[in-house]
Every structure is written in C-alpha cells, then in structure tokens.
Amino acid sequence: MNPVLTIPAFGPVLPEIILAAGALVLVLFGALRGERPGESMNVIALALLAVAFVAVLMLPDEPVETMYGSFIVDGFAKFMKALTLVASAGGVILSMDYMRREGISRFEYPILIVLSTLGMMMVISANDLIALYLGLELLSLSSYVIAAFDRDNVRSTEAGLKYFVLGSLSSGMLLYGASLVYGFTGSVSFPAIAGILQGQVGIGAIIGIVFVSAGIAFKISAVPFHMWTPDVYEGSPTPVTAFFAAAPKMAGMAMATRVFIDAFPNIVGQWQQIIVFISIASMALGSFAAIGQRNIKRLMAYSSIGNVGYALIGLAAGTVEGIQGVGVYMAIYLAMTLGAFAVILGLRRGNVMFENVDDLSGLARTHPVMAFCLAMMMFSLAGIPPLAGFFAKFAVFNAAINANLVALAIIGVVTSVIGAYYYLRIVKVMYFDEPGAAYDSMPAGVKLVLGLSSVFVVLFGIVPAPLVAAAGAAARSLF
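Criteria and cut-off values
Residues numbered from 1 in each chain as written. Predicted model: local features only at pLDDT ≥ 70, side-chain atom pairs only at ≥ 80, totals over all residues. Heavy atoms only, no water. UniProt positions renumbered as here; feature names shortened; annotations may be inferred. Helix = DSSP H or I, 4+ residues; strand = E, 2+ residues; numbered from the N terminus. Salt bridge = Lys/Arg side-chain N within 4 Å of Asp/Glu carboxyl O. Core = buried A, V, L, I, M, F, W, Y, C linked by side-chain atoms within 4.5 Å. Buried < 20%, exposed > 50% of the residue type's maximum accessible area, 1.4 Å probe, protein only. Contact = heavy atoms within 4.5 Å. Axes fitted to C-alpha atoms, helices over the stretch in contact; angles between N-to-C directions. Parallel < 35°, antiparallel > 145°, perpendicular 65-115°, else oblique. Nonpolar A, V, L, I, M, F, W, Y, C, P; charged D, E, K, R; others polar.

With respect to the UniProt feature "domain: NADH:quinone oxidoreductase/Mrp antiporter transmembrane" (unreviewed entry) in the chain
Item 1. As annotated in UniProt, the feature "domain: NADH:quinone oxidoreductase/Mrp antiporter transmembrane" (unreviewed entry) corresponds to residues 126–419 in the numbering used here.
Item 2. From the first C-alpha to the last, residues 126–419 spans 35 Å; its make-up is 77% helix and 1% strand.

What to know about the pattern of salt bridges
Item 1. Considering all chains together, one arrives at 14 salt bridges under this definition.
Item 2. R100 is the salt-bridge partner of D97, the closest N and O atoms lying 2.6 Å from each other. With D97 and R100 both in helix α3 (residues 75–102) and three residues apart, the pair spans about one turn of that helix.

A closer look at the nonpolar core
Taken as a class, soluble globular proteins show a tendency for nonpolar side chains to be buried jointly.
Item 1. Ranked by internal contacts, the top residues of the largest apolar core, which has 169 residues, are F264 and L315.
Item 2. For this core, the leading source of residues is helix α13 (residues 320–345), giving 18 residues.
Item 3. The contacts of F264, once residues within four sequence positions are left out, are V181, I193, L197, I209, V259 and W271.

Some details on the environment of A247
Item 1. By secondary structure assignment, the location of A247 is in helix α10 (residues 238–263).
Item 2. By relative accessible area, A247 is classed as buried at 0%.
Item 3. For the pair formed by A247 and S88, sequence separation is 159 residues and the distance between their alpha carbons is 5.7 Å.
Item 4. Discounting chain neighbours no more than four positions away, the residues touching A247 are T84, A87, S88 and M120.

Regarding the packing of α3 against α10
Two packed helices can be described by the angle between their axes and the distance between those axes.
Item 1. It is the contact of α3 with α10, at a shortest axis distance of 8 Å, that shows an interaxial angle of 170 degrees. Considering their axes alone, α3 and α10 lie roughly antiparallel with respect to each other. The residues of α10 that touch α3, namely those facing F76, A77, M80, L83, T84, A87, S88, L94, S95, Y98 and M99, are T238, P239, V240, A242, F243, A246, A247, M250, A251, A254, T257 and R258.
Item 2. By residue class, the composition of the contact of α3 with α10 is 17 nonpolar, five polar and one charged.

Pasting the structure below:
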C-alpha cells in the first residue's frame, strides 16, 4: 500500500510566513534602492510586524500542531508572540531618527530586525529540539550582525564580536545538551520526551538537561552566562540595545518555559533546582553589580539580568500561577524597558549622545515631562506601588510562596530592596542635582513609545484585569 502524502497545515504558521515573505520583499526593495537611506524600509518593516501581529491574534487558542509535530500554536504562543512583535516594533520606531542622525541608516537594519523576529517566533512555537535550535540560530545570527551594525565604531564591532563568540559557545552547549537528551530518550519531540522522562531519570539525561539550561540561560542573559550582556549593551547602538533588552527577552523566557514545562513536566524536582539557582544568582548580581555603574546602558544591562531572575521565580514554581506570573512580568518589563530607553535616546545635544547617569542632572527642571516619565519607569523597576512593576513582582513572589518556595520569594524581596538603590539614585540625580544644558526635543516616534509606556506603567494598577486574564489563559494552555 502506497503511503499517503500529507501536506502540513500552514494556517498556524501564517505570521511566520508573512515575516519570511516580507523579509524577501525587503531585500529586493533594498537592493533596488541601493545604499540610499530612506524611511520607507522602516515603514514597510513596521507594516509587516503589524500584519503579523493581527495574524497572531487570529490564531486559535486551542493547541494546534503542524509541520509533523515540530511546530505548535496555543494560547501561550499567541501571548508571547504578541509581546515579541510589540517589542520588535518598538525597536524599529526607536531606531528611525537615531540611525539617520548617526549616518548608519542602511536598508539592512529593518530586514535584520524582521529576520530576528521570525527566529523568535519560531522559538516560541518550537515543539521539538531541532525546531528550537533552528529558530534560535536565525535569531542569534541576525542579532550578531545588528550588534555590530555601526561598523565604523570600534565599540560596536567589538560588541558584535563578543556576542558572536560567546553566542556560538552557548549554541554549542545547547546543541550538546539536546543531543544527550535525544540519546537517552530516543526522541527530539517535547511530548515524546515528556512521556519517557518520568520519576527517577538517568545521570546522562540530567547532564543533558543541565547543558540545555546553560544554553537557554545565555540567551536570556541569566547568571552565570551573563558575561556578554554589559559589554554588548554598552557597545551596540542605543536602539539596538533597546531591542536586545526587550524582544529577545520575550522569546528567551517563552523558550525556557516551553522547554521545561512541555518537555520535562514529570521531573520538576530535577530542573527546578537549576532554575532556582539561576534565579537567585541573577537577582543578586543584578542588584549588587549595578550599584557602581555610571553608564546608563550598562546599568540597564544589569537591571535586565536582575529582572530575568525575578521572572524565573515564576518558572521555578512550575505551576499555572507561576507561568501566569511570568507572562504578566514580561509584559510589564517590556513597557518599562522601552520607556526607559526612549528617555536614554532623548539625551542628545546636536550630534552628541549622552549615556552617563550624571548627564541626567537637573533633568526635572529642564525637561520636566521627560524626567517624570523616567522617574515612573525607575520607581516601577524598583517595584514601588502602585506602579506596574509592583504588581509584576507580586505575581511571581505570590506564585513562589504558593509553590512552597518561600525562601526564594524572600530572597527576591531582599534583592529587590537592594536594587531599588540604583533606580532611586537616578531619580535623585534628576530632581535634586544642578541642571546642565538642555537637550534637543525628542523625535515623534520616541515620544510615542515613551508616552504609551508611561501610560501603561502608571495606569496598569487601575485596569490590570485584561493582561492578567490573558496571561492566565496563556499559562493554562501549557498544562
């Protein structure tokens, strides 16, 4: 009997198809235009991201597998893809004026953003180890080039090289761990691995899980695989840093959640110890290492490391409530990060960009609205009520307590208090130090990102239900 040829259903992959086809169109359009800078490429990229966002919202909430089981779409994938697309769009908007002013507005940039976003969306929906690795490599290779995009700047090229070398090492570790998991289970499919690994598992599989965890930890810049983050954040062009701090973090946390909850749901005790250690180490380093930083981009790098640690508290709980906390935390972190970097991009006089904390001196007297918005972002990152950051940390701490991880929650509270110091120091510099010269007015796109982020951060406590309900539905779809 001849086997029946089955064609995969492409409906669940529609957002990825839109981005892939759009990237090819952008390449052709850019090749025809040559090196001439223009806003049309950025506008087309934003339109692609918007169409993909609409396509994501149209996907079914019930789990649907396609591509012979290697690709899955469910409520969790929809939620995290939506956040990723918003983050990528924010990165494009923030870059428009900056790239033009710095003379690096080349057509390749929006194409690389689109391709990187395509890799992130593939990672979020990956349902086996091979699909996960392919999506991760597409994301990583695009990111290496973006980091070194200002090719005439030594710091930028150095950042790209460091990111490439360390990223290649982490990809190798992830691939080695995946090969061990495959060797001891006989499958690369997450559901099949989950069915085989139950109860007490062999030491070989445990070592495989450790290496997979190491590769994932690098991608989300969690301790002890964080070493690339401060240098890459400082050396990359500022809009690229904003993109790195936002979009890949969404995909990285979604990847970590998908791998541990879908592939290893029956051996929580084994991987929970790894996540707890990474979480504590990230929170501690993010709180202490940022205290002495004077460069705002390096400070935000350590802040992102600490915030990943807090988000991992929800994953360590391994419950529906914990994964819901991860979703809420990452959505709020996205708004806070884009808002903070919008202000950093506004610190410009003529052709000179300022990146030190002392450059914010007296900002409240020269630019009161900008200072107020940044103060709200800092208070929110510190977890001060009634701003959105407080509810983000409350969600993951509460999930940890309900999962009997009380010590982890207590450590999270303590490190949050310590980390508040460097956030509040920025507010002190803006409101109590003597002002310097005024900065140029913000571009319209940067104002838009800052305004939307500020409204979300300030008013989230009044209307939290829609985001919390969406994150809850996303979490339940994994269990």
